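# Report on the structure
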There are 2 protein chains.
Amino acid sequence: MTGCLTAASLGPGDPELITRAAWSALVSAPCWAWPVNQEGASYALAIVERAGLSAPAEGLALHFPMTRDPETLARAWTEAAMQVVERLHAGEDVVFLVEGDASTYSTFGHLARAVRALDPGLEVRIIPGVSSFNAAAAAIGQPLADGEEPLAIYAAPEAMRDLDALLTTFDALVLLKVRPVLDALIAALDARGLLDCAVFIECVGTPEERIVRDLSTLRGTRVQYLSLVLIRQDRARGLGQTPPGAPCTP
Amino acid sequence: MTGCLTAASLGPGDPELITRAAWSALVSAPCWAWPVNQEGASYALAIVERAGLSAPAEGLALHFPMTRDPETLARAWTEAAMQVVERLHAGEDVVFLVEGDASTYSTFGHLARAVRALDPGLEVRIIPGVSSFNAAAAAIGQPLADGEEPLAIYAAPEAMRDLDALLTTFDALVLLKVRPVLDALIAALDARGLLDCAVFIECVGTPEERIVRDLSTLRGTRVQYLSLVLIRQDRARGLGQTPPGAPCTP
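Note that the structure is a prediction, hence the values are computed from the model and not measured. (Residues numbered from 1 in each chain as written. Chains lettered and ligands numbered in written order. Predicted model: local features only at pLDDT ≥ 70, side-chain atom pairs only at ≥ 80, totals over all residues. Heavy atoms only, no water.)

## Describing the overall build of chain A
Secondary structure summary: chain A contains 8 helices and 10 strands in total. Viewed in the frame of its principal axes, chain A has a C-alpha envelope of about 65 × 35 × 35 Å. Residues counted as buried form 56% of the 250 residues belonging to chain A. Considering only contacts in chain A between residues 6 or more positions apart, those separated by 24 or more positions represent 71%. Here chain A has roughly 10100 Å² of accessible surface; of this, 51% comes from carbon and sulfur atoms. Here chain A contributes 19 positively and 30 negatively charged side chains, and the mean placements of these two sets differ by 3 Å. (Helix = DSSP H or I, 4+ residues; strand = E, 2+ residues; numbered from the N terminus. Buried < 20%, exposed > 50% of the residue type's maximum accessible area, 1.4 Å probe, protein only. Contact = heavy atoms within 4.5 Å. Areas by Shrake-Rupley, 256 points an atom, 1.4 Å probe, with all protein chains shown as cover. Lys, Arg positive; Asp, Glu negative; His and termini not counted. Charge placed at Lys NZ, Arg CZ, Asp CG, Glu CD.)

## Notes on the interface of chain A and chain B
On the side of chain B, 52 residues touch chain A, which itself brings 52 residues to the contact. Interface area, chain A with chain B, both sides summed: about 4400 Å², of which 55% is carbon and sulfur. Its largest share of buried area at the contact with chain B, chain A owes to Arg20, Tyr105 and Glu148 of chain A, together 16% of the area lost on that side. Our enumeration of links across chain A and chain B arrives at 4 salt bridges. Between the two partners, chain A and chain B, sit 26 residue pairs in polar contact (both at pLDDT 80 or more). Those elements that place two or more of their residues in the side of chain A that touches chain B are helix H1 (20–28), helix H3 (70–89), helix H4 (108–118), strand E5 (123–127), helix H5 (132–140) and strand E6 (151–155) of chain A. Partitioned by chemical class, the residues of the side of chain A that touches chain B number 27 nonpolar, 15 polar and 10 charged. As judged from the 3 bridges shared by E6 of chain A and strand E6 (residues 151–155) of chain B, these two strands associate in the antiparallel manner. In the sheet register, isoleucine 153 of chain A faces E6 of chain B, and the bridge partner there is leucine 151 of chain B. (Buried area = accessible area lost by both parts, 1.4 Å probe. Salt bridge = Lys/Arg side-chain N within 4 Å of Asp/Glu carboxyl O. Polar contact = N/O pair within 3.5 Å; in protein donor to acceptor, adjacent residues only side chain to side chain. Nonpolar A, V, L, I, M, F, W, Y, C, P; charged D, E, K, R; others polar. Pairing = 2+ DSSP bridges.)

## Points about the pattern of salt bridges
Where charged atoms from two side chains of opposite charge approach closely, those side chains can pair. As enumerated under the stated definition, the model contains 18 salt bridges over all chains in all. Here glutamate 148 of chain A makes a salt bridge to arginine 68 of chain B, at a shortest N to O gap of 3.0 Å. Of this pair, glutamate 148 of chain A sits in the loop between H5 and E6 while arginine 68 of chain B is found in the loop between strand E3 (58–63) and helix H3 (70–89), placing the two residues in two different chains. Its relative accessible area of 15% is what places glutamate 148 of chain A among the buried residues. Of the residues examined, arginine 68 of chain B reaches a relative accessible area of 55% and is grouped as exposed.

## Comments concerning the packing of H3 of chain A against H4 of chain A
Angle between the axes and distance between the axes: these two values describe a pair of packed helices. Residue and element names in this part refer to chain A. It is the contact of H3 with H4, at a shortest axis distance of 8 Å, that shows an interaxial angle of 65 degrees. The interaxial crossing formed by H3 with H4 has right-handed handedness. Here Trp77, Thr78, Ala80, Ala81, Met82, Val84, Val85 and Leu88 of H3 come into contact with H4, specifically with His110, Leu111, Arg113, Ala114, Val115 and Leu118. Here the residues of the contact of H3 with H4 sort into 11 nonpolar, 2 polar and 1 charged. (Axes fitted to C-alpha atoms, helices over the stretch in contact; angles between N-to-C directions. Left-handed = near helix turned anticlockwise from the far one by under 90°.)

## Some thoughts on the relation of the copies chain A and chain B
For the pair chain A and chain B, the superposition axis carries a translation of 0.0 Å, the fit reaches an RMSD of 0.0 Å, and the rotation angle comes to 180 degrees. A rotation of that kind, with that shift, is consistent with a two-fold axis. A shared interface surface links the copies, since 100% of the contact residues of chain A are contact residues in chain B too. (Least-squares fit on C-alpha atoms with pLDDT ≥ 70 in both.)

## Examining a nonpolar patch on the surface
A cluster of nonpolar residues, Met66, Tyr225 and Leu226 of chain B, forms a patch on the protein surface that exposes about 290 Å² of accessible area. Tracing the backbone shows leucine 226 of chain B in the loop between strand E9 (210–212) and strand E10 (227–232). (Patch = residues over 30% accessible without salt bridge, like charges linked within 9 Å, V, L, I, M, F, W, Y side chains within 5 Å.)

## Some thoughts on the domain arrangement of chain A
How big an interface is tends to be reported as the loss of accessible area on association of its parts. Residues and elements named next belong to chain A. What the domain assignment lists for chain A is domain 1 (4–127) and domain 2 (132–232). One C-alpha centre belongs to domain 1, the other to domain 2, and the line joining them spans 28 Å. Across the boundary between the two partners, domain 1 contributes 10 residues, which contact 12 residues of domain 2. When domain 1 packs against domain 2, close to 800 Å² is buried across both sides, 71% of that on carbon and sulfur atoms. Contact with domain 2 buries surface across domain 1, with Pro12, Tyr43 and Tyr105 losing the most and accounting together for 53% of the total. Our enumeration of links across domain 1 and domain 2 arrives at 0 salt bridges. Between domain 1 and domain 2 we count 2 residue pairs in polar contact (both at pLDDT 80 or more) in total. Looking at the side of domain 1 that touches domain 2, its residues break down into 5 nonpolar, 2 polar and 3 charged. (Domains from an automatic or database assignment.)

Okay, structure coming up:
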């Protein structure tokens, strides 16, 4: 009897945003696995530790390098998957800790694919979670999107390639991982008179959470890797909003 | 001392997806409020009841009509807000039950705005939750979006206005509330050879959940109001995917 691999989405940082299903998986699992960076730190494990839980004796710290080199990545995913599959084949259930939501820009998809490549018959279960942008919108008390408003979610560097078109089409825009392009983004929003429609949030729900409503104060500064910008232009496609043609109302 | 209005996001249907924060709010609140339709049914209250909780004696069933008429809506939101504000002014904390996430296409934004219009000083707190599309992606075991892939979320009727452009730009597309345009959507995806990239999910996480991977079988049928279609074209912008130029790989 092989074990089951469960992805436990933990939400973006606040341990109170762990779901009941993820909590049950955590407290009943004989083995946890979690992603670590080069320094051995784990954002996902830290969320669970802030909840007062400790890793069971059986733990797998899996290294996922921060690179875009496909070969390096594929090797890391396969090595991680081999460690997980060994436990599953030994009949042990493994819970993989995931920050945010396991289906949304997450390492888990890669791990699951590598695990299935090693043994397509293994059981994989995904517990969905709260995404960073959901938590960010709640933290600033502003809807992410409403009514008939389309919403786009982009890695910020990708969005910068055609920001004009995106700002024209989308009432609501989430830009993730803004650090590498923050100054250019601020300049672009300023040029379009949209600075007041944007809010910056980093490390939402963690002790390091920071919300900046005046983006111009961030010019030339360095921000965290897990930082995002929410942009919402109220164009009256939300039901019961201000009339069509009204300017941006932050 | 006035009370605090808390939006408790409950996730899309499975009571196991209620967060720890929302659970604490539910079990400690002296008063719940929940949206009901014309027949008095409440999707949000049903989630909590499936979790084994019952509404406290102090309960407010708030009617939000299913209409797009701005005047009717504004009147309903104000009437609901007046009932909530009465409790808050009496010093009672009120927890408003929200299906999905309170910031994402949710009635709560309207209620909060109407409450603030009556008394801008009242405290409003939002507990974010799992969105239907997060849960749907988990249910089908497929990433919603990955790597550098942009993700767009649309009410399906809005998306149909320019579906070609959306399918060209977005590797990942979530179409919500597909019922009114389902046949046209199926025809459009079929014409582009993309039927295999789409999955239909309705009432995710509820006893009525249904997942349909062959959309052509839905032609001419009637589906639930809370139904969505996830479309993902693998164009190798996800890290470690198939090479650029490869066709859609469902």
